[in-house]
Amino acid sequence: MKRLVLLISGRGSNMEAIVKACRAEGWPAQVVAVISNRPDAGGLQFAAQHGIATAVVDHKAFASREDFDAELARVIDGFAPDLVVLAGFMRILTPGFTARYARRMLNIHPSLLPAFTGLHTHERALEMGCKVAGVTVHFVTAELDHGAIVMQAVVPVLAGDDAPSLAARVLAAEHRIYPQSVRWCVEDALVWDGERVCHRDGAPQQLLLN
Ligand code: GAR
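Residues numbered from 1 in each chain as written. Predicted model: local features only at pLDDT ≥ 70, side-chain atom pairs only at ≥ 80, totals over all residues. Heavy atoms only, no water.

A. Structural detail: the overall build of the protein. In terms of regular secondary structure, the protein is built from six helices and ten strands. Here the protein has a C-alpha radius of gyration of 17 Å; the compact-globule value for 210 residues is 17 Å, and the two agree. Summarising its shape, the C-alpha atoms of the protein cover approximately 45 × 40 × 35 Å along the three principal directions. In the protein, once contacts between residues fewer than 6 apart in sequence are set aside, the share between residues at least 24 apart is 63%. Entry remark: accessible area of the protein is about 10,000 Å², with carbon and sulfur atoms responsible for 54%. Of the charged side chains in the protein, 20 are positive and 22 negative, and the gap between their average positions amounts to 3 Å. (Helix = DSSP H or I, 4+ residues; strand = E, 2+ residues; numbered from the N terminus. Rg over C-alpha atoms; globule rule 2.2 N^0.38 Å. Contact = heavy atoms within 4.5 Å. Areas by Shrake-Rupley, 256 points an atom, 1.4 Å probe, with all protein chains shown as cover. Lys, Arg positive; Asp, Glu negative; His and termini not counted. Charge placed at Lys NZ, Arg CZ, Asp CG, Glu CD.)

This is the structure:
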């Protein structure tokens, strides 16, 4: 059984989608812990109610990013994970931390990377007049919102959209591709080709929604 540690900062709807899919689909994996950098993260309650260990490493208690990341790594490693899954974890990570979990840490970012790294992705897509938007699941590297792409989902930008309506459409796609991506990792279905990853049997790594 692969051991998954999920990191959240807030509501945790992607974490929930992964926990539910893992159990419903009988993955050869177990979510062994949900860790938050915010004590009030809503997702902690869901995790506890579902019998999953929870922990808080409050970034406000640390003088530097290095100190915070060192403690976070200590707590993560206590759960001996095979894969670390950032599910709405809103912290910039130090190079030492990302190197420690190289090729075994995933992130989800609500844009079609490499467009719109960073914050306010939906507002920026609307401002640019983008006709499609979407979401990317990728392995984490030292560079913010970069790293090998596991899956992307594309959704239309509709007339009359505002940031909340677009975010909701993208979030529904997130809940489809993040569990799928994690499942591929736990099933060892991904093959590295230099700095890129492909599905071993050529399964589609994109989801196009209307
Ligand atoms: C999601 O939309 C996720 O893509 C985004 O935060 C939200 C978390 O929602 N992540 C980032 O912006 C990371 N840069 P959730 O807590 O309900 O999963």
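B. Inspection of the pattern of salt bridges at higher detail. Applying the stated rule across the entire model yields ten salt bridges. The shortest N-O distance in the salt bridge between Arg100 and Asp77 comes to 2.5 Å. A residue pair is termed long-range when its members are at least 10 positions apart, and Arg100 in helix α4 (residues 95-100) and Asp77 in helix α3 (residues 65-78) qualify at 23 residues. The class for Arg100 is partly exposed, based on a relative accessible area of 44%. Classification of Asp77 by relative accessible area gives partly exposed; the value is 29%. Put simply, Asp201 and Arg200 hold a salt bridge, and the shortest N to O gap is 3.7 Å. Residue Asp201 is classed as exposed on the basis of its relative accessible area, which comes to 60%. Judged by relative accessible area, which is 47%, Arg200 ranks as partly exposed. Each of Glu25, Arg183 and Glu187 takes part in salt bridges that share partners, so that together they form one network. (Salt bridge = Lys/Arg side-chain N within 4 Å of Asp/Glu carboxyl O. Buried < 20%, exposed > 50% of the residue type's maximum accessible area, 1.4 Å probe, protein only.)

C. How the structure looks around helix α1 (residues 13-24). The end-to-end C-alpha separation of α1 is 16 Å, in line with the 16 Å expected for twelve residues at 1.5 Å each. Listed as buried for α1 are Ser13, Asn14, Met15, Ala17, Ile18, Val19, Ala21 and Cys22. Those residues of α1 that are buried lie in contact with β1 (2-8), β2 (29-36), α2 (43-49), β4 (83-86), β5 (105-109) and α6 (163-186). (Expected span 1.5 Å × (residues − 1).)

D. Representation of the sheet that holds strand β6 (residues 132-139) in the model. Strands sit in the order β3-β2-β1-β4-β5-β6-β7-β10 across an open sheet of eight strands; the sheet is mixed. The sheet terminates laterally at β3 (53-56) and β10 (206-208), the two strands that pair on one side only. Shown here is a sheet whose adjacent strand axes are inclined to one another by a mean of 15 degrees, direction ignored. Where β4 lies against β5, three bridges are found, and the strand directions are parallel. Note on β5: the bridge partner recorded for Val85 is Leu106. Across the sheet, α6 is in contact with β1, β2, β4, β5, β6, β7 (149-156) and β10; its angle to β7 comes to roughly 155 degrees. (Pairing = 2+ DSSP bridges. Axes fitted to C-alpha atoms, helices over the stretch in contact; angles between N-to-C directions.)

E. A look at α6. When the terminal C-alpha atoms of α6 are compared, their 33 Å separation across 24 residues agrees well with the 34 Å that a helix rising 1.5 Å per residue should span. Residue Asp188 follows α6 closely and has a positive phi angle near 55 degrees.

F. Just the environment of Pro164, in detail. For Pro164, the position within the fold is in helix α6. Residue classification places Pro164 among the exposed residues on the basis of a relative accessible area of 58%.

G. Structural context of the side chain of Ser13. Position of Ser13 relative to the elements: it lies in helix α1. The class for Ser13 is buried, based on a relative accessible area of 16%. The contact partners of Ser13, leaving out residues within four places of it in the chain, are Leu171 and His175.

H. Seen up close, the site of the ligand. Taken together, Arg11, Gly12, Ser13, Asn14, Gly88, Met90, Ile108, His109, Pro110, Leu171 and Glu174 are the residues near the ligand. Asn14 has a polar side-chain atom sitting 2.9 Å from an oxygen atom of the ligand. Within the side chain of His109, an N or O atom sits 3.3 Å from a nitrogen atom of the ligand. Starting from 450 Å² of accessible surface for the ligand in isolation, the protein chains cover 86%. Sorting the residues of the shell around the ligand by element identifies α1, β5 and α6 as the ones contributing at least two each. For the shell around the ligand, the per-class residue count stands at four nonpolar, five polar and two charged. (Near = heavy atom within 4 Å. Polar contact = N/O pair within 3.5 Å; in protein donor to acceptor, adjacent residues only side chain to side chain. Nonpolar A, V, L, I, M, F, W, Y, C, P; charged D, E, K, R; others polar.)

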